[in-house]
Amino acid sequence: MTTQRQKDWHDLIALSALEPGDATPVSFRGRELAVYDSRDGIFVSYARCTHGAANLCDGYFDGRNIECPLHQGLFQVRTGKALAAPAGVNLRMVEARVVGGMVQILF
Amino acid sequence: MSAKVLTPITQALEAGVLTRRELKQCMRRSNTRGLAHAVGFLGLIAATGWLVHLAMAGWWLLPAMFLHGVVLVHLFAPQHECVHYTPFRSRWLNDLVGNLCGFAIMLPHQHFRYEHCDHHTYTQLPGQDPELIPLPQSLSGYLWYLSSIPYWRNKFTELPRHIAGRLTEEEKRFIPAPARPVIFREARLMALAYLAILAACAVFDWWAPVFYWWLPVLLGEPVMRAIRVTEHMGRPTIRDMQVNTRTNLVSWPWRFLCWNMNYHAEHHYAASVPFHALPALHAKIAGHVHVEPGGYLGAHIDIIRQLTGRKPRMDSATAEEAA
């Protein structure tokens, strides 16, 4: 029988430290995360492309979708959905919120 | 989490060559810039096509078709850009233009996209880079490649293979199973369209596609082969992006024709940077990529020197030797 680990909110990065309107790479407990300052709000995902494992923070971000810098696969940052080939597997998202000017994640 | 993947971009960022913000500045997309270049390019095609028309009954028909063909085969350049979704801000516009260009030069766009993905992942690695053009063993092998005969032989076997629903073992490596029906459908649609045009030529005794399109493309392709070999041929067959790709400094007409893809090392560093920002990226990462100041001609001299033994062959060189 497995037990579910209790998740807690953790400070990740100050809102003021984010790249405005872009993706910011952040390391959390050895994991590479991407924080998106999107037109729909702040979202956080694992940073590596599910296709070629390039860091998505180095890719083109149009405010809603992030493009892989290596092969230009496309992901929606609100849901992590893979929108265009060669990416076929959705991004792993991390639940996030903003409290007191700080981006927090549920981890 | 998978092991760290060192993309050319991360290589550049970690080396401090440029900042992420500078890189993002270069990545900005613009429909206006892309469409302006496309209109100019189409104007050039119309102009050289008009020359073919004027020459139709004269002795200079062949030179006119060659000139027109040199422009037509450069449709590869916008198609290549569209594979990376960079010339236009709208993704659908990149898909549309890429597919049209691919149809014009018989380079199926979806197939090229998957092949090109592996070219960027495994640039210059023998057995892994599907676009690697090996340094020939002799001068005759080099001339044979430039003749375009091997290229067209490959294209004219590739299309029927895909129509028949088959892939080579190499293609199976870079085309994932879910994408294979797309590749086969694309080949069938292209072949149908070519056959329909050919049938129209025969039925209506209308041979414009032959004189304004197919023959010029065949005549112009050796020029495209000569340009494509300058990108990587004769550079070390190793992963290091600082040495395995050439940037060729060429004059404005060539830069216009190839949509700045002469800045090829910069393109490999950051494939998400659109053609109009490549000169700026070139200025930013100067000294960190291999630049051939003699342009296309200089690259060919370099290749020929290696083929004739006046310079060590670079296909077995290490990064240190290449530097």
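Refer to the structure presented above.
One structure accompanies this document, and this report is about it. These figures come from a predicted structure and were not determined experimentally.

1. Here's the deal with the overall build of chain B
Of the regular secondary structure elements, chain B holds 17 helices and two strands. Here the C-alpha atoms of chain B give a radius of gyration of 20 Å, agreeing with the 20 Å that 2.2 N^0.38 yields for 323 residues. Taking the principal axes of the C-alpha coordinates as reference, chain B spans close to 60 × 45 × 40 Å. Counting the 323 residues in chain B, one finds 41% classified as buried. In chain B, of all internal contacts separated by at least 6 residues, the share reaching a separation of at least 24 is 65%.

2. Considerations on the sheet that holds strand β9 (residues 96-99) of chain A
Residue and element names in this part refer to chain A. Taken in spatial order, the three strands make up an open sheet running β1-β10-β9, and their pairing is antiparallel. Taken across any chain shown, the strands that pair with only one partner, and hence form the sheet edges, are β1 (9-14) and β9. Each strand axis lies, on average, 35° off the axis of its neighbour in the sheet, ignoring direction. Pairing between β1 and strand β10 (residues 102-106): five bridges, direction antiparallel. Within β10, the position partnered with isoleucine 13 by the bridge is valine 103.

3. Digging into unusual backbone geometry
Most peptide bonds take the trans form, and the phi angle of most residues other than glycine is negative. Looking along the chain, the bond that leaves A:Ala85 and enters A:Pro86 is cis, with omega of 5°. Summarising the element assignment, A:Pro86 is placed in the loop between β7 (82-84) and β8 (93-94). With a phi close to 70°, B:Gln124 is a non-glycine residue in the positive phi region. One can find B:Gln124 in the loop between α7 (109-121) and α8 (139-146).

4. A few points about the interface of chain A and chain B
Listed as interface residues are 20 residues of chain A and, on the opposing side, 22 residues of chain B. Considering only residue class, the side of chain A that touches chain B consists of eight nonpolar, six polar and six charged.

5. Notes on the packing of helix α3 (residues 31-54) of chain B against helix α4 (residues 61-73) of chain B
All names here are of chain B. Here α3 crosses α4 at 165°, and the two axes come no closer than 8 Å. Overall, the two elements α3 and α4 adopt an arrangement that is roughly antiparallel. The handedness of the crossing between α3 and α4 comes out as left-handed. In contact with Leu44, Ile45, Thr48, Gly49, Leu51 and Val52 of α3, α4 contributes Ala64, Met65, Leu67, His68, Val71 and Leu72. Broken down by class, the residue content of the contact of α3 with α4 amounts to nine nonpolar, three polar and no charged.

6. Digging into the sheet that holds β8(A)
Read across the sheet, four strands follow the order β2-β3-β4-β8 (chain A) without closing on themselves; strand pairing throughout is antiparallel. Two strands in the sheet have a free side with no partner beyond their single neighbour: β2 (23-28) and β8 of chain A.

7. Re the nonpolar core
Grouped together as the largest cluster of nonpolar side chains are 81 residues, with contacts concentrated most on A:Ala34 and A:Val35. Per-element accounting of this core gives the leading share, seven residues, to helix α12 (residues 208-232) of chain B. Apart from the residues within four sequence positions on either side, A:Ala34 is in contact with A:Ala23, A:Pro25, A:Val44, A:Ser45, A:Ala47, A:Leu56 and A:Cys57.

8. Overview of helix α16 (residues 295-307) of chain B
Residues and elements named next belong to chain B. Helix length check: α16, at 13 residues, gives a terminal C-alpha distance of 19 Å against a target of 18 Å (1.5 Å per residue), a fit within 8%. For α16, the set of buried residues is Tyr296, Ala299, His300, Ile303 and Gln306. An end-on view of α16 places all buried positions within 120° of arc, on one side of the element. If you follow the buried residues of α16, they end up packed against α8, α12, β1 (246-248) and β2 (290-292). Just beyond α16, the residue with positive phi is glycine 309, at close to 80°.

9. Topic: the pairing of strand β3 (residues 31-38) of chain A
All names here are of chain A. Across six bridges, the pairing between β2 and β3 is antiparallel. Bridge pairing in β3 places phenylalanine 28 opposite arginine 31. Connecting β2 to the next strand, β3, in antiparallel fashion are two residues, including arginine 29 with a positive phi near 50°. Where β3 meets strand β4 (residues 41-46), six bridges bridge the pair, whose relative direction is antiparallel. Paired with serine 38 across the two strands is glycine 41, which belongs to β4. Following β3, the chain reverses through two residues before pairing antiparallel with β4.

10. A closer look at α12(B)
Residue and element names in this part refer to chain B. Along its 25 residues, α12 runs 36 Å from first to last C-alpha, staying within 8% of the 36 Å computed at 1.5 Å per residue. The largest bend along α12 reaches roughly 40° and is located at valine 217. Glycine 234, located one to two residues past α12, shows a positive phi value of around 85°.

Procedures and definitions
- Residues numbered from 1 in each chain as written.
- Chains lettered and ligands numbered in written order.
- Predicted model: local features only at pLDDT ≥ 70, side-chain atom pairs only at ≥ 80, totals over all residues.
- Helix = DSSP H or I, 4+ residues; strand = E, 2+ residues; numbered from the N terminus.
- Rg over C-alpha atoms; globule rule 2.2 N^0.38 Å.
- Buried ≥ 20, exposed ≤ 12 C-beta atoms within 10 Å, placed from the backbone.
- Contact = placed C-beta atoms within 7 Å.
- Pairing = 2+ DSSP bridges.
- Axes fitted to C-alpha atoms, helices over the stretch in contact; angles between N-to-C directions.
- Nonpolar A, V, L, I, M, F, W, Y, C, P; charged D, E, K, R; others polar.
- Parallel < 35°, antiparallel > 145°, perpendicular 65-115°, else oblique.
- Left-handed = near helix turned anticlockwise from the far one by under 90°.
- Core = buried A, V, L, I, M, F, W, Y, C linked by C-beta atoms within 7 Å.
- Expected span 1.5 Å × (residues − 1).
- Arc of directions from axis to C-beta.
- Bend = angle between axes of the 7 residues up to and from the residue.

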